[in-house]
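Survey of secondary and tertiary structure
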Amino acid sequence: MNTPAAVAKEVRAYVFDRLEPRGFKRRDIFLLRERDHGIHDWIALPHVVEAKNGPVLVTANVGLYVAPVHALLGGDVSATFCRNIGYFSPAAAYATWPFAREAFSEESARELFGTLVSYGLPLMESFRTYDQVIAGCERFGLKYLNVSRIPALRLLAGRKEEAVLAIQSSLREFAGKVDAYSEHQAAVLTALLAHAHQG
């Protein structure tokens, strides 16, 4: 019986082998495809196990990774924004695919890959400009991450005044707070504001 990690690795390999001809590359645990302006299509295939010795449930999260944003803010290759693929399918609900541990389920792998091609790729490809990515962050992004990511995107889009006003407003909200999140965000935003004033 294969371990959950081994099953998930096999699923990722199956998907990657079929996405590589479309321009995707591996980067850490993610699949990325670079387009214009440093915008990358971004796919992650996490897995969970809900019962001991039960099937491995693999899902797909799709979104964008905008390299210039993360260069400004620092950090890893986590998505600029992402969401579970199921919400972009006709079911409009969180989706997982079960994989038995005894033998690889090519049927589930085909279904997962087909969903990515039918709904994930067109969604990611629809975001071609920084302004469109901003709209994606506003719709699909996490609020606590958007605090710094949207102003960074606005700077990249040439919307400096909007970006500076948003940064200054957020800094006022974080002023005097000593929790780790607030201190981190204040430091990131202060650095971003300094970058904006250099431009």
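Considering all chains together, one arrives at 8 salt bridges under this definition. Among the ionic pairs, R33 bridges to E125, the shortest N-O distance being 2.7 Å. Taken together, the positions of R33 in strand β2 (residues 30-34) and E125 in helix α3 (residues 106-125) put the pair 92 residues apart, joining distant regions of the chain. You can call R33 buried: its relative accessible area is 12%. Between R154 and E138 there is a salt bridge, with the nearest N and O atoms lying 4.0 Å from each other. One end of the pair, R154, is in helix α5 (residues 143-156); the other, E138, is in helix α4 (residues 130-140), with 16 residues separating them in the sequence. Overall, R154 belongs to the buried group, its relative accessible area being 15%. Classification of E138 as exposed rests on a relative accessible area of 51%.

The next subject is unusual backbone geometry. The phi angle at N53 is positive, at roughly 65 degrees, despite the residue not being glycine. By the element assignment, N53 lies in the loop between β4 (47-49) and β5 (56-58). Although it is not a glycine, A92 adopts a positive phi angle of roughly 50 degrees. Counting through the fold element by element, A92 comes out in the loop between β7 (81-84) and β8 (97-99).

About the criteria used
Residues numbered from 1 in each chain as written. Predicted model: local features only at pLDDT ≥ 70, side-chain atom pairs only at ≥ 80, totals over all residues. Heavy atoms only, no water. Salt bridge = Lys/Arg side-chain N within 4 Å of Asp/Glu carboxyl O. Helix = DSSP H or I, 4+ residues; strand = E, 2+ residues; numbered from the N terminus. Buried < 20%, exposed > 50% of the residue type's maximum accessible area, 1.4 Å probe, protein only.

Geometric descriptors of this kind do not, in isolation, establish any biological role.
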